[in-house]
Amino acid sequence: MTERPPVVELRNVRLQFEDNKVLDDVSLAVEPLERLVIMGQSGSGKSTILRLVLGILTPNSGSVFFKQFEISRLRRRKLQQIRTHIGMVYQYSALLSSRNVRDNIALPLEELTRDTPAEIDKIVDEKLEMVGMADVKDQMPSELSGGMRKRVSLARALVMNPELILFDEPSAGLDPVISSVIDELIINLSEKSKVTSIIVTHEMDSAFRIGTKMAMLYRGKIIEVGTPDEFKQSRDPVVAQFLSGSTEGPILEGSQDAIATK
Ligand SMILES: Nc1ncnc2c1ncn2[C@@H]1O[C@H](COP(=O)(O)OP(=O)(O)O)[C@@H](O)[C@H]1O
Ligand SMILES: [Mg+2]
């Protein structure tokens with residue numbers, strides 16, 4: 001096998017908002033075709049990591065790479081071009097309420113490609129088919145359930161055939177059955193489309209279902225990285241408490257907020 005560089009790499013990243021140190025020397029690599037799950041408490045900096053990868057935020061020090069490109073050093077044009085290779089599924093789907101399903105999915109193609117309307121229609125149909133939503137093309141987001149909106153936002157993330165997809169809390173707001181269905185869909189699509197992904201979540205069942213690799217963020221640091229099996233056997237008391245959801249252990253309620261000054 002030929003050696004390929006990681007799809008995403010964070011090297012010694014520090015990031016703070018005023019005096020709130022969110023990421024404190026974080027290093028992390030995501031290899032091709034991996035599904036890396038980043039776990040951590042609410043407010044621990046999970047979404048911040050995704051924003052760094054997208055180049056929406058710039059680290060105070062350290063570097064963030066997408067393949068060979070150092071994100072924070074790219075010119076605007078190049079960054080925009082790189083972003084077309086990265087799909088994003090937002091926490092609450094973030095569909096445009098004024099556009100129907102078809103037009104939501106067509107938007108990136110309309111803005112970023114020279115595809116003709118007929119070509120766009122074909123791609124939209126294909127992606128909707130992949131997420132099992134071919135029938136709802138003409139509906140408005142408000143007419144769909146949370147799970148259906150999530151499927152549509154998955155189709156939108158796939159529309160540019162990205163190499164990397166970022167998922168921010170994909171099961172947020174979904175009931176447990178629907179969230180396992182969405183997890184299965186994420187796995188199937190990732191495998192079928194040969195895409196690498198980063199999934200941030202605080203939901204353990206979901207994390208163990210989806211992840212081929214896991215990382216735990218706590219107090220600004222990645223305190224553990226490994227396979228799901230390695231995680232289950234972790235001796236780290238924070239990881240163990242997080243996995244069990246126990247109130248006994250080093251994680252205190254509001255402990256993230258104690259370092260944060262909101
Ligand atoms: N743009 C911002 N300006 C100031 N503080 C922020 C900003 N974005 C996030 N934060 C703070 O950074 C910390 C991590 O936030 P976030 O990455 O959203 O956490 P998570 O996704 O793990 O819940 C929180 O304390 C949050 O209040
Ligand atoms: Mg978040």
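See above for the structure.
The rules behind the values
- Residues numbered from 1 in each chain as written.
- Chains lettered and ligands numbered in written order.
- Predicted model: local features only at pLDDT ≥ 70, side-chain atom pairs only at ≥ 80, totals over all residues.
- Buried ≥ 20, exposed ≤ 12 C-beta atoms within 10 Å, placed from the backbone.
- Helix = DSSP H or I, 4+ residues; strand = E, 2+ residues; numbered from the N terminus.
- Pairing = 2+ DSSP bridges.
- Axes fitted to C-alpha atoms, helices over the stretch in contact; angles between N-to-C directions.
- Parallel < 35°, antiparallel > 145°, perpendicular 65-115°, else oblique.
- Left-handed = near helix turned anticlockwise from the far one by under 90°.
- Contact = placed C-beta atoms within 7 Å.
- Nonpolar A, V, L, I, M, F, W, Y, C, P; charged D, E, K, R; others polar.

(A) The arrangement of the pairing of strand β6 (residues 86–89) in detail. The alternating pattern of β6 places I86 and M88 on one face and G87 and V89 on the opposite face, and all of these are buried. Of the strand pairs in this sheet, β6 and strand β7 (residues 164–168) are connected by 4 bridges, and their pairing is parallel. For V89, the partnering residue across the bridge sits in β7 and is F167.

(B) Summary view of the sheet that holds strand β10 (residues 221–226). A sheet is described by the order of its strands in space; here 6 strands give the open sequence β6-β7-β8-β3-β9-β10, paired in mixed fashion. Where the open sheet ends on each side, the last strands, each with one partner, are β6 and β10. Between one strand axis and the next, the sheet turns through 15° on average, direction left out of account. Pairing between strand β9 (residues 213–218) and β10: 5 bridges, direction antiparallel.

(C) Spatial organisation of the packing of helix α3 (residues 101–112) against helix α4 (residues 117–130). It is at 10 Å that the axes of α3 and α4 come closest, and there the two elements cross at 125°. The angle between α3 and α4 places the two elements in the oblique class. For the crossing formed where α3 meets α4, the hand is right-handed. Between α3 and α4, the residues in contact are R102, I105, A106, L109 and E110 and I120, I123, V124, K127 and L128, respectively. Partitioned by chemical class, the residues of the contact of α3 with α4 number 7 nonpolar, no polar and 3 charged.

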